Every structure is written in structure tokens, then in C-alpha cells.
Amino acid sequence: MMNKRVRLTFLSFLFFLVTVLASPLQMTAGAEAVEPGELKQLIFDEAGLLTEEESDALNVMANEYGAERETDFIIFTTDNSDNIDVIKLTQDFYDEQAPGYDKAHGNAAILTMDMRNRDIYLAGFYNAEVYLDDSRLDKIREKISSDLTYGNYEQAFQTFIVTAHKYMGFEPGVNPDNILFNGWFQLIVAMGIGGVVVGMMTYNSGGRVTVHRQTYEDGSTSGILENRDQYLRTTVTKRKIEKSSGGSGGGGGGGTTGGGHSHSGSRGSF
């Protein structure tokens, strides 16, 4: 009877922990469905990196995820025939296209690819500038760099949309990749705590064990026979740490467009 009650208590406690610990994840669980007639163009593949089917699928995805964050997630690729810097390309695109979830020049996160110079720039405008600051955009760019290098453009663009959506679900200043926000980690912690609680309940449900080592130990004859510490020597070695002279291939930060719109940013090559 006692074991049955312990099991029921454990299951109830585990359910409570999973519910409470998993609640922060609800803000990033998925995206809202968007009706076909409500779709706006968010994929501008001027460099022709995607098939028509891939572009259409990404456009639907960007619309759905953007609806939940009230932010336009935009992909802009170009052959850059005029050889304009990738940051200015992004700024001019924002000024001229005037994207924004519910108004012109509103919330937008833009991924720009300059295929001529193999440069990439991520920028966040207005609400996205706050929730996708330079640091978070650096993280996103690092996540997609390998796919861009190997030509897995569709996968890279999907990761950009999903990760930008996820990061915007966390308050500014919080590390969105912290393991404490990982669902599996939270479940393991919940199970561990539940196991400890059940163990304590099981222990307390039976009689206490009063027989231990000292019951049979003769204190007058038990003890340490001999103890000796011997110092040998200390050796200290010195090694010069060389500083790298090369860059990381990233950076750039944010700025302001010609039209006066401030934005965050992260620049790199692929």
C-alpha cells in the first residue's frame, strides 16, 4: 500500500515539475498558421540560389513564423553587379522596400547574401533590433555559416528563420542558448528531483536502520597506524602564448540606414 502511494506521489510530482519547468518553452513552441491570401513576399532570391518550390516553401515559413513575432523575416540574395558593400545593400533594401510586419519600415530581420564577394549580413530593425541584437545575430550567423559554405542555402535560410523566431521569444540580455532553456535538460532535472523525493519518501516510510560500522568497532584499537608527508619539489615552466594576427571573419555590428532607420547587425563571409 505504501509503495503504491509513493508511486502515485512521484507521478504527480513529476507531472507538476514538467509542467512548471517547460512553461518558458511555450513561447517558442511553434508558429501561427497564415492563410494563403495573407502571404506577403519575404524571399527575394535575385541570385537564383533556390528553386521555385524552395522559395515558395520558405516564403510560407517566413510568413508563419513572422506572424507570431510580428516581424518580417526576410531573405535577400543578390549577385551584386554594382559591387556595393553588403551592409549598404541591406540598408538600401530596407529603405527602398520598406518592409515591416504591420507597417512600412517596421519590425524586420533581414539576411542579405552578396554572392559576388561571398559576404553575408544579418540585420534587425525596430523590435528585431532589440530582441536580435548584435550578439544574438552573431550566434545565428555562426549557426548557418557551414551550410552557406557548402551551398546548403535552403537549410541555412530555414535555420535563420527558426532561430531568429526562437531568440525573439527571450527577453533581451538573456542567453537564448543557455542549457537551462533546453527542454530535455529541464525534463532530466525534473526526473532527478522526483527521484530524490521518492527516495526520501521510501526511506522515511520504513524503519530506521540502527546497526552501523561503529556497532562492531572497538574504538580503543581502531585508528591510523602511521602517517607521513614527504615534500619532493615544485617545478614551474613558462610558455609564451602567441596572439593570433588574423580576424574571425565576422563582426560589422549595426548602424543606421540613409533613411534614418537604426538596426543591429552581424557581418561575415562564407
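Scroll up to find the structure this text is about.
One structure accompanies this document, and this report is about it. Keep in mind that what you see is a predicted model, and the values were worked out from it rather than measured.

Rules used in this analysis
Residues numbered from 1 in each chain as written. Predicted model: local features only at pLDDT ≥ 70, side-chain atom pairs only at ≥ 80, totals over all residues. Heavy atoms only, no water. Core = buried A, V, L, I, M, F, W, Y, C linked by side-chain atoms within 4.5 Å. Buried < 20%, exposed > 50% of the residue type's maximum accessible area, 1.4 Å probe, protein only. Contact = heavy atoms within 4.5 Å. Salt bridge = Lys/Arg side-chain N within 4 Å of Asp/Glu carboxyl O. Helix = DSSP H or I, 4+ residues; strand = E, 2+ residues; numbered from the N terminus. Pairing = 2+ DSSP bridges. Right-handed = clockwise from strand over helix to strand, strands pointing away. Expected span 1.5 Å × (residues − 1).

A few words now on the nonpolar core. Ranked by size, the top nonpolar core spans 45 residues in total, and within it L111, M113, L132, L148 and F157 carry the most contacts. Look past the residues within four positions of M113 in its chain and what remains in contact with it is L49, F76, T77, T78, D119, I120, L148, Y153, F157 and F270.

Taken as a whole and judged by the stated rule, the model has 7 salt bridges. Of the charged contacts in the structure, one is a salt bridge between R69 and E68, with a shortest N-O distance of 3.5 Å. Its relative accessible area of 11% is what places R69 among the buried residues. A salt bridge links R267 to D85; the nearest nitrogen and oxygen atoms lie 2.7 Å apart. Here R267, found in strand β7 (residues 262–269), pairs with D85, found in the loop between β2 (72–78) and α3 (86–97); they are 182 residues apart in sequence, far enough to count as distant. For R267, a relative accessible area of 23% translates into the label partly exposed. Within the structure, one salt-bridge network assembled from shared partners comprises D85, D119 and R267.

With that out of the way, let us pick up the pairing of β2. Here β2 lies mainly inside the structure; 7 of its 7 residues are buried. Side-chain alternation along β2 places D72, I74, F76 and T78 on one buried face and F73, I75 and T77 on a second face that is also buried. As judged from the 3 bridges shared by strand β1 (residues 43–45) and β2, these two strands associate in the parallel manner. The residue of β2 that forms the bridge with I43 is I75. Across 7 bridges, β2 lies against strand β3 (residues 108–114) in parallel orientation. From the neighbouring strand, D72 faces β3, where its bridge partner is A108. For the handedness criterion, the β-α-β arrangement of β2, α3 and β3 is classed as right-handed.

Turning next to helix α6 (residues 153–167). End to end, α6 covers 21 Å across 15 residues, agreeing with the expected 21 Å (1.5 Å per residue, within 8%). Turning to α6, its buried residues are Y153, A156, F157, T159, F160, I161, T163, A164, H165 and Y167. Buried residues along α6 sit in contact with α2 (52–69), β2, β3, β4 (119–125), α4 (127–131) and α5 (134–149).

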